[in-house]
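Spelled out, the chains give:
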Protein chains: 2
Amino acid sequence: MSPAIDTRTKIVMAAMDLFWTKGFNSTSIADILSRTQLNAGSLYHVFPGKQDVLIAVLEAYRDGLYENLVDPAWEGVDDPVERIFALLARYRWLIVETDCTYGCPIGSLALELHEADPVVRDLLAVNFTGWVGAIRRCLDEAGERLPVDVDKQALAEFVLTTMEGGVMQARTHRDVAYFDRGVAALRDHFDMLLARAAQRPAMA
Amino acid sequence: MSPAIDTRTKIVMAAMDLFWTKGFNSTSIADILSRTQLNAGSLYHVFPGKQDVLIAVLEAYRDGLYENLVDPAWEGVDDPVERIFALLARYRWLIVETDCTYGCPIGSLALELHEADPVVRDLLAVNFTGWVGAIRRCLDEAGERLPVDVDKQALAEFVLTTMEGGVMQARTHRDVAYFDRGVAALRDHFDMLLARAAQRPAMA
DNA sequence: GAGCGAATTGAACGCTCGTTCAAGAACGGG
DNA sequence: CCCGTTCTTGAACGAGCGTTCAATTCGCTC
């Protein structure tokens, strides 16, 4: 294996962590270098500039969505609706684990980069789309348990909305309860949808 | 009127706009100075440092919540539930008006400032609390139209969640439709709650 | 209009940032 | 073992940042 690839991996992993905890603008190249024990030349040998590190980080999130986030959350959970809440529970765990300082890496970057160039913005959007796609699969699998007139794509996006909004409030107030109440409201929403579908089956 | 107050106002107004469009870290003191046609000394005569400008901006948002945001949105709307969606419609208008680059100033700052000091974080939280409080009033006013077992505080927070999540996705995808679908899902939620309350009145 | 504190001027400072690059080390095929 | 390529070293640079401050002007009071 080429050593440059190893260097690249080290940089991307360090940058993922730093961009997550400190944000993109507040993370300096020096931060990445001291974390990886590399020199500036090595980084610039692999990446043309700081923004290209960001792009690599966003690609890593995109490519690792299932491996690093979704599959672990769904382990041992088979019911498609419960899988949605299992994923949200994973975020709850992250919030608690970080003493309520957790912010969704993609969400934070999306709001921080106000005038992101098209490549970066596309990658942010693609990350959201991938996340929503995972939820969408659950909803499709739930099939007729949901009312037929429900827009499943919109509902999947609404799950992301709940997660991001809940994370934002939990972090700002330094209190998971804000996240929990958001998830509870979403649970109410699903309960009402499931009840409506059971009451008026698709056979009508 | 003391000239320093005028200077202060000019700085706060310019900073509100700049922090909103560029973010806090990406806005330089020089940006504020060129926007206000002031010199560095004048700014530092009024504010000890950049962070104090941020604090003043957050206080301005807090103090102007009703005057600048809520009251205009509610003009001509009397029904408490419709007022909630009127406020969301106001955000929709902001998104469209800014070509889908709009981000909620408070939400953006909340996610950008990863290690904000306590004063700043408190002000961010207070701004959220104020916004949620305005929604809460509507829900209280709606009274028995909502099921008695509904946690009105949590529901008000859920409205904020929907707004922030919708704004985030609309901006990232550069498409208001993401916001619209989030609001539509929230409307569904309210419709189901109202129907449930009508079905099983509080008199039980 | 003299006197004085408040407010403004704008050049300068020290620091950190992203980036560059000439020099050297490590590696691998023949 | 040699040579060309790939990768690393780390000092240096220029630009931009937040901040300072001695000098100056403004505006009010008596």
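A quick note: this is a predicted structure, and the numbers were derived from the prediction, not measured.

J.: Just to check I follow, could you spell out the overall build of chain A for this structure?
T.: Summing up its helical and strand segments, chain A has 10 helices and 0 strands in all. Going from the N terminus to the C terminus, chain A shows its helices and strands as α-α-α-α-α-α-α-α-α-α. For chain A, the spread of C-alpha atoms along the principal axes amounts to about 70 × 35 × 35 Å. The buried share of chain A, taken over its 204 residues, is 53%. Within chain A, counting contacts between residues at least 6 apart in sequence, those at least 24 apart form 68% of the total. Accessible area for chain A stands at about 9,200 Å²; split by element, carbon and sulfur atoms hold 51% of it. Within chain A, one finds 20 positive and 29 negative side-chain charges whose respective centroids are separated by 2 Å.

J.: Would you mind showing me how to read helix 5 (residues 65-74) of chain B here?
T.: Counting along an α-helix, one turn takes 3.6 residues, and residues three or four places apart therefore face a common direction. Residue and element names in this part refer to chain B. Residues Leu65, Leu69, Val70, Ala73 and Trp74 constitute the buried set of helix 5. Along the axis of helix 5, the buried positions cluster into a sector of 105°, meaning they face one direction only. Elements that come into contact with the buried residues of helix 5 comprise helix 4 (50-63), helix 6 (80-97) and helix 8 (118-142). Backbone geometry just downstream of helix 5 places Gly76 in the positive-phi region, at approximately 80°.

J.: Where do I start with the interface of chain A and chain B in this structure?
T.: Interface size, as often reported, equals the accessible area lost upon joining of the parts. Each partner contributes residues to the interface: chain A has 45 residues there, and chain B has 45 residues. Of the roughly 4,000 Å² buried where chain A meets chain B, counting both sides, 59% is carbon and sulfur surface. There are 2 salt bridges connecting chain A and chain B. On inspection of chain A and its partner chain B, the count reaches 16 residue pairs in polar contact (both at pLDDT 80 or more). Listing elements by their share of the side of chain A that touches chain B, those giving two or more residues are helix 1 (3-22), helix 7 (105-112), helix 8 (118-142), helix 9 (152-173) and helix 10 (177-199) of chain A. Counting residues per element, the side of chain A that touches chain B draws most heavily on helix 9 of chain A, which supplies 14 residues. In terms of residue class, the side of chain A that touches chain B is built from 17 nonpolar, 17 polar and 11 charged.

J.: Where do I start with the protein's contact with DNA strand D in this structure?
T.: Around DNA strand D, the surrounding shell holds 17 residues, and the nearest of these are A:Asn39, A:Gly41, B:Ile29, B:Tyr44 and B:Lys50. Counting only the atoms of DNA strand D within 4 Å of the protein, the fraction contributed by sugar and phosphate is 64%. Measuring from a phosphate oxygen of DNA strand D, one finds a backbone N or O atom of B:Ile29 at 2.6 Å. Those elements giving two or more residues to the surface near DNA strand D turn out to be helix 1 and helix 3 (40-46) of chain A together with helix 3 (40-46) of chain B. For the surface near DNA strand D, the leading source of residues is helix 3 of chain A, giving 4 residues. Residue composition of the surface near DNA strand D, by class: 6 nonpolar, 10 polar and 1 charged.

J.: Would you mind showing me how to read helix 6 of chain B here?
T.: All names here are of chain B. Here helix 6 contains 18 residues, and its C-alpha end-to-end distance of 26 Å stays within 8% of the 26 Å for a straight helix at 1.5 Å per residue. The complete set of buried residues in helix 6 reads Pro80, Val81, Ile84, Phe85, Ala86, Leu87, Leu88, Tyr91, Leu94 and Ile95. The elements touched by buried residues of helix 6 are helix 5, helix 8, helix 9 (152-173) and helix 10 (177-199). Measuring from the side-chain oxygen of the N-cap residue of helix 6 to the backbone nitrogen of Val81 gives 3.0 Å; that N-cap residue is Asp79.

J.: Would you mind showing me how to read the relation of the copies chain A and chain B here?
T.: Put simply, the two copies of the chain differ by a rotation about an axis and a shift along that axis. Taken as rigid bodies, chain A and chain B are interconverted by a rotation of 180° and an axial shift of 0.0 Å, the fit giving an RMSD of 0.0 Å. On the angle and the small slide along the axis, the relation comes out as a two-fold axis. Residue by residue, 100% of the interface of chain A is reproduced at the interface of chain B, so both copies engage with the same surface.

J.: Teacher, can you tell me more about the nonpolar core here?
T.: In globular proteins that are soluble, nonpolar side chains generally tend to be buried together. With 147 residues, the main nonpolar core has A:Trp131 and B:Trp131 as its most contacted residues. In this structure, A:Trp131 is in contact with A:Leu65, A:Leu69, A:Leu87, A:Leu88, A:Tyr91, A:Val159, A:Leu160 and A:Met163, ignoring residues within four places of it in sequence.

J.: What should I look at first to understand the UniProt feature "domain: HTH tetR-type" (unreviewed entry) in chain A in this one?
T.: UniProt marks residues 5-65 of chain A with the feature "domain: HTH tetR-type" (unreviewed entry), using the numbering shown here. Counting secondary structure, residues 5-65 of chain A comes out at 79% helix and 0% strand; the distance between its end C-alpha atoms is 21 Å.

J.: Just checking my understanding: could you explain the side chain of B:Thr172 for this structure?
T.: Of note, B:Thr172 is situated in helix 9. Those residues in contact with B:Thr172 that lie beyond four places of it in its chain are A:Ala110, A:Arg121, A:Leu124, A:Ala125 and A:Phe128.

Scoring rules and cut-offs
Residues numbered from 1 in each chain as written. Chains lettered and ligands numbered in written order. Predicted model: local features only at pLDDT ≥ 70, side-chain atom pairs only at ≥ 80, totals over all residues. Heavy atoms only, no water. Helix = DSSP H or I, 4+ residues; strand = E, 2+ residues; numbered from the N terminus. Buried < 20%, exposed > 50% of the residue type's maximum accessible area, 1.4 Å probe, protein only. Contact = heavy atoms within 4.5 Å. Areas by Shrake-Rupley, 256 points an atom, 1.4 Å probe, with all protein chains shown as cover. Lys, Arg positive; Asp, Glu negative; His and termini not counted. Charge placed at Lys NZ, Arg CZ, Asp CG, Glu CD. Arc of directions from axis to C-beta. Buried area = accessible area lost by both parts, 1.4 Å probe. Salt bridge = Lys/Arg side-chain N within 4 Å of Asp/Glu carboxyl O. Polar contact = N/O pair within 3.5 Å; in protein donor to acceptor, adjacent residues only side chain to side chain. Nonpolar A, V, L, I, M, F, W, Y, C, P; charged D, E, K, R; others polar. Near = heavy atom within 4 Å. Expected span 1.5 Å × (residues − 1). Least-squares fit on C-alpha atoms with pLDDT ≥ 70 in both. Core = buried A, V, L, I, M, F, W, Y, C linked by side-chain atoms within 4.5 Å. UniProt positions renumbered as here; feature names shortened; annotations may be inferred.

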